[in-house]
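Observations on the three-dimensional arrangement
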Amino acid sequence: MNYYASAAPLLHSQPLFIQYSNPRELRTDYLPDQARAEAMFHPVDTTLFESQPVASASEARDDPFPDVRCVLRIIVDNVSHHISLEMLHEILSPFGPVLRIIIFTKYGKFQALAEYDNPRSAYCAKKTLNGQGIFTSDCFIRVDYSKFTSLAIKYNNEKSRDFTRLDLPSGDGQIYMDQPIAAAYGIQNNIVPSYTGAAGFTPNMSFSQGAGSLVPPLPTAVRSLAPPGQRTYPDFSENSVLLVSNLNPNAVTPYGLFILFGIYGNVHRVKIMFRTKEKALVQMADANQARLAISYLNGQKLYGRVLHATFSKHHTVQLLRGGRDDQGLTKDYSNSPLHRFKIPGSKNFQNIFPPSATLHLSNIPSCVTVDDMKNLFASTGCTVKACRFFRNNCRTALIQLGSVEEAVHALIELHNHDLGQNRTLRVSFAKHTI
């Protein structure tokens, strides 16, 4: 083990890493289960399967074999980067052909369902990926078996993909927060055909020893994975400009979009279209932040309308030339002091959550009471259901409003609100409810 620590050996061009196992001995007293497992998996290559550590024979007996499931449920914690369906497919593919993937947000968590074409691949992916980080220090994956035996996909879009049915329509691509996954996709216990994609479809990927990183940082990790001759998807990996549509022209302002999209990145410029005020361009600091904003804000309600956010064909928002007037619809916020992510490695990167009815409040003066906060938010027309300060920090509080739409409105209205004593209120979406 010490010898190979400095020079990892290769087996079929794949690096091997050797370490001590938790069990002190191998147990072989569950012979019926072992025989059944060997018979079940005999036709499949055993290299990857046998390389996965098993804590005990009881774990081997209780974990993959009785149910023989091919569908995994994946939960990602501490999401600080946008995670696309393509990226998830790239992470899962080294363990075997992935037939179908569904991604969604439930209880404020990024989750996914992924179906392999055989239970061995699902088992190896579960054993290897559980507890790993997509990036060096965040986006940790939790993997377990789903109760579903198969997935039925209706649409091929950024939220769902059937890699055996590239002829499926794209649908509207709208999956709303916390929508029950079975109802949204019509998941059934049906028999699915084997994967028939082109050979060599599985991308190459290696694991850095001790690094805890599965894929390189964005945007290089995001690329088209479709085999030659099959349907591909536009690559907007380097675009930081968003097209936001279906806006309420009587209520939306450049400042409101700056505050809302600023939760997920530093907004440099905002332009509401002069002739069609239902549309706007929002330029983020980089493409990663643009993806993050789309992931969390697309499909949210803003001033009575469902907001649609996608990448724009433009790569920058042009400022007005001298002498032209668009009635204040184009604003430059490049040097705004309200940017949340000015400091590299700031804790704000770890506190990015989807829109919810509960808001996190900070920078509150000690003289402000719970009733003061309730009255302040009620003045925006919101229904205040609950409010409480943190026990160990009187400058921080949670407030729960009547709906997510109300919380979005209140955040736009009250973020940076002057509370006196040289303090301005900081508002963001909360991780937990009250």
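Conventions we followed
Residues numbered from 1 in each chain as written. Predicted model: local features only at pLDDT ≥ 70, side-chain atom pairs only at ≥ 80, totals over all residues. Heavy atoms only, no water. Phe/Tyr/Trp six-rings, centres within 6.5 Å; stacked < 30°, edge-to-face > 60°. Helix = DSSP H or I, 4+ residues; strand = E, 2+ residues; numbered from the N terminus. Buried < 20%, exposed > 50% of the residue type's maximum accessible area, 1.4 Å probe, protein only. Pairing = 2+ DSSP bridges. Axes fitted to C-alpha atoms, helices over the stretch in contact; angles between N-to-C directions. Contact = heavy atoms within 4.5 Å.

So, on to the packing of aromatic side chains. Within this structure, the stated rule accounts for three aromatic pairs. Considering the side-chain rings of Tyr255 and Phe258, the 6.2 Å spacing of their centres and the 45° angle between planes classify their relative orientation as tilted. Within this pair, Tyr255 and its partner Phe258 are both found in helix H8 (residues 254–261), separated by three residues, close to a single helical turn. Accessibility expressed as a relative area gives 34% for Tyr255, which makes it partly exposed. Residue Phe258 is classed as buried on the basis of its relative accessible area of 4%. Ring centres 4.1 Å apart and planes at 10° place the aromatic pair Phe258 and Tyr333 in the stacked group.

What follows is about the sheet that holds strand E20 (residues 426–429). Sheet architecture is open: four strands sit in the order E16-E17-E15-E20, paired in antiparallel fashion. The open sheet has two edge strands, strand E16 (384–390) and E20, and neither has a second partner. Here the average twist between neighbouring strands, direction ignored, is 25°. Here strand E15 (residues 358–362) runs beside strand E17 (residues 393–401); their pairing, made up of four bridges, is antiparallel. Across the sheet, His360 pairs through a bridge with Leu398, a residue of E17. Sitting on the sheet, helix H10 (residues 370–378) is in contact with E15, E16 and E17, with an inclination near 140° to E16. Across the sheet, helix H11 (residues 404–414) lies against E15, E17 and E20, angled at about 155° from E20, the strand it touches most.

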